[in-house]
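# Reading the structure
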Amino acid sequence: MSVVVGCLVGVSTAVFLKALNWSSGITGAHPYYFFLLPLALFLSALIIKLFAPDAEGHGTEKVIEAIHKKDGVIKAAVVPVKLIATILTIALGGSAGKEGPCAQIGAGIASTFSQLLRLDAPDRKKLVICGISAGFASVFGTPIAGALFGVEVLFVGAILYDVMLPSFIAGVISYNVSAALGIRYFHHTLTLPLNFSAVLFYQILLAGIFFGLCSFFLIEMLHIGKKISGRIKIWKPLKGLIGGAALIVTAMLFSTDYLGLGLNSIESSLTGQPLAWYAFILKSFTTSITLNFGGSGGIVTPIFFVGSSAGNIFAQVLGLDIMLFSALGFAGLLAGAANTPIAASIMAIELFGPQIAPYAALVCVISFLMTGHRSVYPSQILAFKKSKLIDIELGKEIEKSKPKI
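Let us look at the structure shown here. Each chain carries its own residue numbering, running from 1 in the written order of its sequence. Per-residue local features are limited, in this predicted model, to residues with pLDDT of at least 70; the limit for side-chain atom pairs, both in listing and counting, is 80 or more; totals at the level of whole chains, interfaces and linings are taken over all residues. The side-chain numbers reported here are obtained from all heavy atoms of the structure, hydrogens and water having been left aside.

## Overview of the overall build of the protein
Going along the chain from the N terminus, every DSSP run of H or I of four or more residues is numbered as a helix, and every run of E of two or more is numbered as a strand. Scanning the protein for helices and strands turns up 16 helices and two strands. Radius of gyration: C-alpha atoms only; globule rule: 2.2 Å multiplied by the number of residues to the exponent 0.38. Over its C-alpha trace the protein gives a radius of gyration of 20 Å, about what one expects of a compact globule, namely 22 Å for 405 residues. With the principal axes as the frame, the protein shows a C-alpha extent of 55 × 55 × 50 Å. Three labels apply to residues, based on accessible area from a 1.4 Å probe with only protein chains included: buried if under 20% of the type maximum, exposed if over 50%, partly exposed otherwise in between. The 405 residues of the protein split such that 58% are buried. In the protein, the share of contacts with a sequence separation of at least 24, taken over all contacts with a separation of at least 6, comes to 77%. Summed over all atoms, the accessible surface of the protein reaches about 15,900 Å², with 68% contributed by carbon and sulfur. Neither His nor the chain ends is counted toward charge; the positive residues are Lys and Arg and the negative residues Asp and Glu. One atom stands in for each charge, and that atom is NZ of Lys, CZ of Arg, CG of Asp or CD of Glu. For the protein, the distance from the average position of its 28 positive side-chain charges to the average position of its 19 negative side-chain charges is 7 Å. We call two residues contacting when some pair of their heavy atoms lies within 4.5 Å. Reported accessibility uses the Shrake-Rupley method at a 1.4 Å probe radius. Residues are deemed covered only where the shown protein chains occlude them.

See below:
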């Protein structure tokens, strides 16, 4: 069953990415394409509201919620609606990621498949987790990290070992199917001589703390955007007009670099080119506006932008190697913001080569601890306390768990 899910998700991911690249190529040919952002966010919110409310926001969060609250049942309508809404959002400049839709589309396919087979609730949830892993693996070209992400992201501090084998199978199959269909992935092996020293060790520790604080900033920015959007008591699709206007103003004042996926900026950072000091702040802002005001898409690609740009400015300020710390920030922000230090560490190895492994692991664990009991996925279940000093309620969703007094 996990092989079938891997094949189906690999095909759907390839279709989605090719459609996204095609539409982005058309809109990107026009210098002021982002002036259509209000219309894009309006239409995205309208389509979701009319046809599949479960496709709202960034997809992985909705899948986590479906697993914990609905026994993995995801409506089949989510798949085409999420695909269309996300392409509308990103192609016209919305700051969102491509992994959330792939995870939600993958989970939706797995859920529909499991219902056709009349699986019981536990097995259906396992197959949906395979769908998440397959979507994540095939969208970034990281089959091992993708499989681990699916079994690590549901709980903070716990891994679902009983789903690990089918998740690995689904991730590997999905990645290879997408690659066979012509999808090309970004891998950038670092060629720096990383000789261990006490100085480098303390620089890594300091970087981990900084990336944890940046993760905290991104999470709080998303939370603030949600609160502001909630206080605006108008029809949801109309909020897209407000959000789109805010993004247009941001692009006119600064740059279009903070719109869309931002892959050019990520690649520039990872190849050692300096970015503006405020890049990670602006990307956090544009992502919060996009996802809270009608846009559809993922959160992980913006996390990569925020992380690599945070590592970029960290290296610039301290006179360190920009490539190395951009790569560490890339992984460190994922560990801190999504509470997935193991998947983030493995992803760093898959993307940047094995020599970064010990440094990425240090940064990811420190960032994960620094973020505290918060996440870009508020439906995650708290399974352990990050600190004995905080008496937090365990076994509940992050958004509902409050420290005991």
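Don't stop here, the text continues.
## Focus on helix H16 (residues 357–370)
Every helix has an expected span of 1.5 Å times one less than the residues it contains. For H16, with 14 residues, the first-to-last C-alpha span of 20 Å sits near the 20 Å given by 1.5 Å per residue. Taken together, the buried positions of H16 are Tyr359, Ala360, Val363, Cys364, Ile366, Ser367 and Phe368. Buried positions along H16 lie against strand S1 (155–156), helix H9 (198–231), helix H14 (322–338) and helix H15 (341–352).

## A few points about the packing of helix H11 (residues 263–270) against helix H13 (residues 300–318)
How two helices pack is summed up by the angle between their axes together with the distance between the axes. For the pair H11 and H13, interaxial distance at closest approach is 9 Å and the crossing angle is 35 degrees. Here the hand of the crossing between H11 and H13 comes out left-handed. Of the residues in H13, those touching H11 at Leu263, Ser265, Ile266 and Ser269 are Thr301, Phe304, Phe305, Ser308, Ser309 and Asn312. Any residue that is not Ala, Val, Leu, Ile, Met, Phe, Trp, Tyr, Cys, Pro, Asp, Glu, Lys or Arg is counted as polar, Gly included; the first ten are nonpolar and the last four charged. Residue composition of the contact of H11 with H13, grouped by class: four nonpolar, six polar and no charged. Where helices are involved, their axes are fitted lines through C-alpha atoms of the stretch in contact, as for all axes, and angles between N-to-C directions lie from 0 to 180°. Working rule for handedness: look at the near helix, and if it is turned counterclockwise from the far one by less than a right angle, call the crossing left-handed; if clockwise, right-handed.

## Some points on the packing of aromatic side chains
For this analysis, a ring pair means two rings from Phe, Tyr or Trp (six-membered ring only for Trp) whose centres lie within 6.5 Å, classed as stacked if their planes differ by under 30 degrees, edge-to-face if by over 60, and tilted for the remaining angles. Following the criterion strictly, the structure yields 24 aromatic pairs and no others. Pairing Tyr175 with Tyr185 gives two aromatic rings, centres 5.5 Å apart and planes at 40 degrees, and the pair type is tilted. Of the two residues, Tyr175 sits in helix H8 (residues 164–180) while Tyr185 sits in the loop between H8 and H9, which places them ten residues apart along the sequence. Ring centres 5.4 Å apart and planes at 85 degrees place the aromatic pair Phe330 and Phe352 in the edge-to-face group. One end of the pair, Phe330, is in helix H14; the other, Phe352, is in helix H15, with 22 residues separating them in the sequence. Residue Phe330 is classed as buried on the basis of its relative accessible area of 6%. Among the aromatic residues, those joined into a cluster by ring pairs are Phe136, Phe140, Phe149, Phe304, Phe330, Phe352 and Tyr377. The rule is short: NZ of Lys or CZ of Arg within 6 Å of the ring centre and within 35 degrees of the ring normal puts a charge over the ring. One cation-aromatic arrangement involves Lys283 over Phe305; the distance from NZ or CZ to the ring centre is 5.0 Å. Sitting above the plane of the Phe368 ring, Lys386 keeps its charged end 4.0 Å from the centroid.

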